Amino acid sequence: MQNYFTKKVNFYGDTNPKNLVSEYGSPLYVYNEKILRQRCRDMADFIPYSNYKASYSTKANSNLELLKIIREEGLHADAMSPGEIHLLLAAGFRPEQIFYIGNNVSVEEMMFAVNKGITMSVDSLSQLRTFGQFNPGGNVAVRINPGFGIGHHDKVVTGGKDTKFGINDDCIPEIKAWIKEFNLNLIGINQHIGSLFMEGDTYIQSVKVILQIAEQFEGLRFIDMGGGFGIPYQKQDNEAPLELKSFGEQLAILLSAWAERNNPDIMFMSEPGRYIVAESGVLLGTVHAQKENSGVNYVGTDLGFNVLVRPVMYDAWHDIEVYPIDKEYAYSSEKRVTIVGNICESGDAIANNRKLPALSIGDIIGVVDAGAYGYSMSSNYNNRLRPAEVLIQRDGSHRLIRRRDTLDDLLQNFCTDKG
Ligand SMILES: Cc1ncc(COP(=O)(O)O)c(C=O)c1O
């Protein structure tokens, strides 16, 4: 049954979905600053160990205004591309607060980070060699594959045998050889085993592995344990959140023992992405059509997978809220529906077979927990316009933090032959 997550947390502050959509258009991403700040604090305090830093994974959501809030909350950040570095610098992060986690990047991209004084991690022996050739004597980190991974879908498992990520531990002699050859300083090692776990066991296991591997290197300044911290996407079914307290305490014991034995100055990092931003975002859309086809009740909306791709890409679940436009929410009239978008692909469904109250054209739908990998994975597919983004500020007021695309935006990168 719907329990109105957004009502419980007063998500929309002084306004409501109907007013937001009429002011900024539909679809629309809406973020709540209070929730965002709270999640930053959860992660900043996650491990009760003095030399621990949470480093936000920018790919989850790179809205400039949200990045500024995350920086204000004292988090560092990781970047996967020069574009993310560019945004982080624009948001006021200092180069030493940014960690560039490269994956199959060009020399130009490496030097982009190096020239800005940003530490980068390389993800293969071949990239380590390239880095050494172009930046001999430089500081570098390497991404380790601890031999196993975890994730809510095969596509987001980033450790273990079936992934392109990381350098296996049997390559440690070669890592050392390239470090020596190019007189590099190996200042950090990092890993990321995958995304969206709801229990800490596998992460803890992977931390034990990276700590063992770290003992084989001298002069490390940091060990980055990766992200993947899950959030409860099935709130309407009372899914429990990730239990951070004892998880963090167990990690603190491991980390302080390692530091005491090996290097008291070492800094430990994590890379939360989704955990920081997912719950602070709701995607609003509008019902434009209804049809019954072979026993399936379709609700046709403007929520195509160009706006939120997670359900199509990962079979991901998002709770759905319904904001009837001019009637009360009627539980008595609930029926099973499939909510589809406006993209020309038959897989374009945002929620399948959901029990929802009878919807009418013009009603607004809220896709909950859409703050992570929502806008950041959106596109102009079908030449649809990407939505605006609005922030509900701490005092309950709201402001636009990214305008909606315009039709002219679709034309702006073309090079017209003027001859
Ligand atoms: C290297 C790296 N670090 C951190 C993350 C963040 O993962 P999550 O958003 O699940 O915390 C990712 C996600 O893909 C990643 O690739």
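Predicted model, so just to flag it, every value in this text is computed and none were measured. (Residues numbered from 1 in each chain as written. Predicted model: local features only at pLDDT ≥ 70, side-chain atom pairs only at ≥ 80, totals over all residues.)

A. The overall build of the chain, seen in detail. From N to C terminus, the chain includes 12 helices and 18 strands. For the chain, the C-alpha radius of gyration of 23 Å lies close to 22 Å, the compact-globule estimate for 419 residues. Dimensions of the chain, computed from C-alpha atoms along their principal axes, come out at roughly 70 × 65 × 45 Å. By the burial criterion, 42% of the 419 residues in the chain qualify as buried. Across the chain, every contact between residues at least 6 apart in sequence was considered, and the portion connecting residues at least 24 apart equals 71%. (Helix = DSSP H or I, 4+ residues; strand = E, 2+ residues; numbered from the N terminus. Rg over C-alpha atoms; globule rule 2.2 N^0.38 Å. Buried ≥ 20, exposed ≤ 12 C-beta atoms within 10 Å, placed from the backbone. Contact = placed C-beta atoms within 7 Å.)

B. The site of the ligand, seen in detail. With respect to spatial proximity, 19 residues lie near the ligand, and among them S57, S195, G227, G273 and R274 are the closest. Tallied by class, the residues present in the shell around the ligand amount to seven nonpolar, eight polar and four charged. (Near = placed C-beta within 6 Å. Nonpolar A, V, L, I, M, F, W, Y, C, P; charged D, E, K, R; others polar.)

C. Here's a closer look at the pairing of strand 17 (residues 388–392). Most of strand 17 is tucked away: five of the five residues are buried. Going residue by residue along strand 17, you find A388, V390 and I392 tucked away on one face and E389 and L391 tucked away on the opposite face as well. Judged from the five bridges that link them, strand 1 (residues 28–32) and strand 17 form a sheet pairing that is parallel. Bridged to L28 within strand 17 is A388. Here strand 17 runs beside strand 18 (residues 398–402); their pairing, made up of four bridges, is antiparallel. In the strand pairing of strand 18, I392 is matched with H398. Linkage of strand 17 to strand 18, two consecutive antiparallel strands, is achieved through a turn of five residues, within which G396 is found at a positive phi near 95 degrees. (Pairing = 2+ DSSP bridges.)

D. Geometry of the packing of helix 3 (residues 33–44) against helix 4 (residues 64–72). Taken N-terminus to C-terminus, the directions of helix 3 and helix 4 make an angle of 45 degrees; their axes are 9 Å apart at the nearest point. As far as their axial angle goes, helix 4 and helix 3 are oblique. Here helix 3 and helix 4 pass one another in a crossing that is right-handed. Here E33, L36, R37 and C40 of helix 3 come into contact with helix 4, specifically with L66, I69 and I70. (Axes fitted to C-alpha atoms, helices over the stretch in contact; angles between N-to-C directions. Parallel < 35°, antiparallel > 145°, perpendicular 65-115°, else oblique. Left-handed = near helix turned anticlockwise from the far one by under 90°.)

E. Broad picture of the domain arrangement of the chain. You can read the domains of the chain as domain 1 (5–29 + 279–400) and domain 2 (33–276). For domain 1 and domain 2, the distance between their C-alpha centres works out to 32 Å. In this complex, domain 1 contributes 21 residues to the contact, which on the side of domain 2 involves 22 residues. Counting residues per element, the side of domain 1 that touches domain 2 draws most heavily on strand 17, at three residues. Looking at the side of domain 1 that touches domain 2 residue by residue, the classes come out as 10 nonpolar, five polar and six charged. (Domains from an automatic or database assignment.)

F. Structural context of the pairing of strand 16 (residues 364–367). Residues of strand 16 alternate between two faces, with I364 and G366 on one and I365 and V367 on the opposite face, all of them buried. Here four bridges tie strand 11 (residues 281–293) to strand 16, and the two strands are oriented antiparallel to one another. Among the inter-strand pairings, L284 is bridged to a residue of strand 16, identified as G366. Pairing of strand 13 (residues 320–323) with strand 16 involves four bridges; the strand directions are antiparallel. For E321, the partnering residue across the bridge sits in strand 16 and is G366.

G. Main features of the environment of N342. Of note, N342 is situated in the loop between strand 14 (335–340) and strand 15 (349–356). Along the backbone, N342 and N306 are 36 residues apart, and their C-alpha atoms lie at a distance of 9.2 Å. Beyond its immediate chain neighbours, meaning those up to four positions away, N342 contacts D302 and G304.

H. A look at the packing of helix 9 (residues 201–214) against helix 10 (residues 244–262). The geometry of helix 9 relative to helix 10 is characterised by a closest axis approach of 11 Å and an angle of 5 degrees between their N-to-C directions. Considered as vectors, helix 9 and helix 10 are oriented roughly parallel to each other. Residues I204, V207, K208 and L211 of helix 9 touch helix 10, and the partners they reach there are Q250, L251, L254 and W258. Considering only residue class, the contact of helix 9 with helix 10 consists of six nonpolar, one polar and one charged.

I. Geometry of the nonpolar core. Ranked by size, the top nonpolar core spans 101 residues in total, and within it V30, I98, Y100, V142, L283, I339 and V367 carry the most contacts. If you count residues domain by domain, this core takes at least three from each of domain 1 (5–29 + 279–400) and domain 2 (33–276). Sequence-distant contacts of V367, defined by excluding residues within four places in its chain, comprise V282, L283, G285, L303, L308, H318, I320 and I350. (Core = buried A, V, L, I, M, F, W, Y, C linked by C-beta atoms within 7 Å.)

J. Helix 10, seen in detail. Given a rise of 1.5 Å per residue, 19 residues ought to cover 27 Å, and the 26 Å separating the end C-alpha atoms of helix 10 matches this to within 8%. Considered for burial, the residues of helix 10 that qualify are L251, L255 and W258. Here the buried residues of helix 10 occupy an arc of 60 degrees about the axis, which is enough to place them on one side. Relative to its buried face, helix 10 has exposed residues pointing more than 90 degrees away, namely K245, S246, I253, A257, E260 and R261. Buried residues along helix 10 sit in contact with helix 9 and strand 10 (267–270). (Expected span 1.5 Å × (residues − 1). Arc of directions from axis to C-beta.)

K. Main features of the environment of P357. Here P357 is to be found in the loop between strand 15 and strand 16. In the structure, P357 is positioned 35 residues away from V322 in sequence and 7.8 Å away in space, judged by C-alpha atoms.

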